[in-house]
Amino acid sequence: TGSIGNVVVEVYRVFPKDSDTVRTPNVPTRVNSPSDVAFTSRDAAGSSLTFATSVLAADFTAANSVQPGGIHPSPGQTTGGNGPIRGQEVEVSVTFSTPIDLPADHYFFVPQVDVTGGEFYWLSGTRPIVAPGTPFAPDLQAWTRDAALDPDWLRIGTDIFGGPTPSTFNQAFTLTGTVDVPEPLSIAVLLPAVLAMAGVRRRGGQRGQVPPVA
């Protein structure tokens, strides 16, 4: 954990938003993939997030992996993966110093961790999402890319691992935050409450004009 120098969190909308739809992709499909460019991002170096780490397992082995050099454009994208990989299992907890305002939509959550003397790999999570997570549909699978494939994305299970019955993956993370009620809805909720109070006053024998609702 001491080798982590910076953490970046990017948020992507779903293709074709924020994307060049005229360009010919170098991947089998862009349907349900992340967009070409990030919708927004935060990073520790820019002081827009802080992070803490904890070791969950000192010695952990993942059954398969996508390692540097293992991402290729079509038609050579299906390599079967780079095989098992071993290392520490670490949880990275991120707090956004500046809030992320996300309008109602479907988003991809993409972390990047800068380490020295090693590599960062994001572990897969449960699919479909089950409790204590919040199941939702459609449950889109995990995608990846490197600088050479940018702005396209490949599906980790279907495109890279392949096989007669390709696997699909989620990535392991939880997200907590605050849901803000939009101002127009606040006014719509407030208006019946104010009118109801005005009605109670009239039934109680109060005389006079009811003030306008701003």
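Located above this text is the structure these notes cover.
Residues numbered from 1 in each chain as written. Predicted model: local features only at pLDDT ≥ 70, side-chain atom pairs only at ≥ 80, totals over all residues. Heavy atoms only, no water.

K.L.:
Help me understand the pattern of salt bridges, please; the structure alone is not making it clear to me.
P.N.:
Proximity of charged atoms lets side chains of opposite charge pair with each other. All told, the structure shown has nine salt bridges when counted by the stated rule. Put simply, Arg-13 and Asp-18 hold a salt bridge, and the shortest N to O gap is 2.9 Å. For Asp-18, a relative accessible area of 28% gives the class partly exposed. A salt bridge links Asp-105 to Lys-17; its shortest N-O distance comes to 2.6 Å. Residue Asp-105 is found in the loop between strand S4 (85–96) and strand S5 (107–115), and its partner Lys-17 is found in the loop between strand S1 (4–13) and strand S2 (40–43); the two are separated by 88 residues along the sequence. Asp-105 gets classed as partly exposed once you look at its relative accessible area, which sits at 36%. With relative accessibility at 36%, the residue Lys-17 sits in the partly exposed group. (Salt bridge = Lys/Arg side-chain N within 4 Å of Asp/Glu carboxyl O. Buried < 20%, exposed > 50% of the residue type's maximum accessible area, 1.4 Å probe, protein only. Helix = DSSP H or I, 4+ residues; strand = E, 2+ residues; numbered from the N terminus.)

K.L.:
Hey, could you run me through the side chain of Asn-6 in this one?
P.N.:
Positionally, Asn-6 belongs in strand S1. Among the polar contacts listed, one links the side chain of Asn-6 to the backbone nitrogen of Ala-44, at a separation of 3.3 Å. In this structure the side chain of Asn-6 is engaged in a polar contact, spanning 2.9 Å, whose partner is the backbone nitrogen of Ala-45. Residues in contact with Asn-6, not counting those within four places in the same chain, are Asp-43, Ala-44, Ala-45, Gln-112, Val-113 and Asp-114. (Polar contact = N/O pair within 3.5 Å; in protein donor to acceptor, adjacent residues only side chain to side chain. Contact = heavy atoms within 4.5 Å.)

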